[in-house]
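Here is what each chain is made of, one letter per residue.
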Amino acid sequence: MTLTTPGLLFPAISLLLLAYTNRFLVLAQLIRELNAREGESIRPVVVAQITNLRKRIKLIRTMQVYGVAAFLLCTLSMFALFIEFNTTGIILFGVSLSCLSLSLLTSLFEIHISCDAIEIELQNIENKPLSNRVSKNFIEPNPKSKSSN
């Protein structure tokens, strides 16, 4: 294995960590908005969202830890290869790939949980009563439109 093999992962891991950071920042902003919107009392749907948000924060932290570990191990692998400790470099690179895989799998699980959060919101919307305007326009057919065709 050459020094450039682990070097190929540098741009990928860097972009991955940037994406994880963006997900974290969006989640933090969502939590701040939720806190400001809810005020002194909390609706039941928000309690479900809080549980979901806590899971997602922990998963994003785990994704970032494995991503940083992959980056660090990849760097150490390159250093070992540079000083011609080839076996150590190969082992470090393998562990780096394992950490990267764990980071990606955790990301996949976090995506699944974020879909659950959207489902909670959709159920909340479905539980709201239909307004008269909506029910007349979208549920009941308009008899005038049938006769004009």
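The protein appears in an unreviewed UniProt entry as II family cellulose-binding protein from Pseudoalteromonas undina.

Caption draft 1: Quick peek at the overall build of the protein. Along its length, the protein carries six helices and zero strands. The N-to-C order of helical and strand elements in the protein reads α-α-α-α-α-α. Residue burial in the protein is summarised as follows: out of 149 residues, 28% are buried. For the protein, restricting intrachain contacts to residue pairs at least 6 apart in sequence, the fraction spanning at least 24 positions comes to 82%. Accessible surface for the protein amounts to roughly 10,500 Å². Of this, 65% is attributable to carbon and sulfur atoms.

Caption draft 2: Layout of the pattern of salt bridges. Scanning the entire structure with this criterion turns up two salt bridges. Arg56 is the partner of Glu110 in a salt bridge, and the nearest nitrogen-oxygen pair spans 2.8 Å. Remark: Arg56 occurs in helix H3 (residues 44–82) and Glu110 occurs in helix H4 (residues 86–126); sequence separation between them is 54 residues. In terms of burial, Glu110 and Arg56 fall into one category: buried. Each of Arg23, Arg56 and Glu110 takes part in salt bridges that share partners, so that together they form one network.

Caption draft 3: Inspection of the environment of Gly94 at higher detail. Turning to its location among the elements, Gly94 is positioned in helix H4. Residue classification places Gly94 among the partly exposed positions, given a relative accessible area of 31%. Residues Gly94 and Ala70, spaced 24 residues apart in sequence, show a C-alpha to C-alpha distance of 9.6 Å.

Caption draft 4: Molecular detail of the environment of Thr75. Among the secondary structure elements, Thr75 is positioned in helix H3. For Thr75, a relative accessible area of 35% puts it in the partly exposed group. When the C-alpha atoms of Thr75 and Gly89 are compared, they prove to be 9.5 Å apart, with 14 residues separating the residues in sequence. One polar contact links the side chain of Thr75 to the main-chain carbonyl oxygen of Phe71, over a distance of 2.9 Å.

Caption draft 5: Quick look at the UniProt feature "transmembrane region" (unreviewed entry) in the protein. The UniProt record marks residues 12–31, 63–83 and 89–109 with the feature "transmembrane region" (unreviewed entry), using the residue numbering of this structure. In residues 12–31, helix accounts for 100% and strand for 0%; the two terminal C-alpha atoms are 29 Å from one another.

Caption draft 6: How the structure looks around H3. For H3, spanning 39 residues, the distance from its first C-alpha to its last is 57 Å, which sits close to the expected 57 Å at 1.5 Å a residue. Within two residues after H3, Glu84 carries a phi angle of roughly 65°, on the positive side.

Caption draft 7: Highlighting the nonpolar core. Membership of the largest hydrophobic core comes to 21 residues, with the highest contact counts inside it found for Leu9, Ile13, Tyr20, Ala70 and Leu100. Those elements that provide at least two residues to this core are helix H2 (9–38), H3 and H4. With nine residues, the top contributor of residues to this core is H3. Among residues more than four places away in sequence, those in contact with Ile13 are Gly67, Ala70, Phe71, Cys74 and Leu100.

Caption draft 8: Examining the layout of surface pockets more closely. Space inside the largest pocket adds up to approximately 270 Å³. What lines the largest pocket is a set of 17 residues, and nearest its centre among them are Leu30, Gln49, Leu53, Ala117 and Glu121. Secondary structure elements with two or more residues in the lining of the largest pocket: H2, H3 and H4. No other element matches H2, which puts six residues into the lining of the largest pocket.

Definitions and limits used
- Residues numbered from 1 in each chain as written.
- Predicted model: local features only at pLDDT ≥ 70, side-chain atom pairs only at ≥ 80, totals over all residues.
- Heavy atoms only, no water.
- Helix = DSSP H or I, 4+ residues; strand = E, 2+ residues; numbered from the N terminus.
- Buried < 20%, exposed > 50% of the residue type's maximum accessible area, 1.4 Å probe, protein only.
- Contact = heavy atoms within 4.5 Å.
- Areas by Shrake-Rupley, 256 points an atom, 1.4 Å probe, with all protein chains shown as cover.
- Salt bridge = Lys/Arg side-chain N within 4 Å of Asp/Glu carboxyl O.
- Polar contact = N/O pair within 3.5 Å; in protein donor to acceptor, adjacent residues only side chain to side chain.
- UniProt positions renumbered as here; feature names shortened; annotations may be inferred.
- Expected span 1.5 Å × (residues − 1).
- Core = buried A, V, L, I, M, F, W, Y, C linked by side-chain atoms within 4.5 Å.
- 1 Å grid on protein atoms, 1.4 Å probe; cavity = no way out; pocket = protein on both sides within 12 Å on 5 of 7 lines; lining within 4 Å.
- Points joined across faces, edges and corners; volume = space filled by probe spheres on them.

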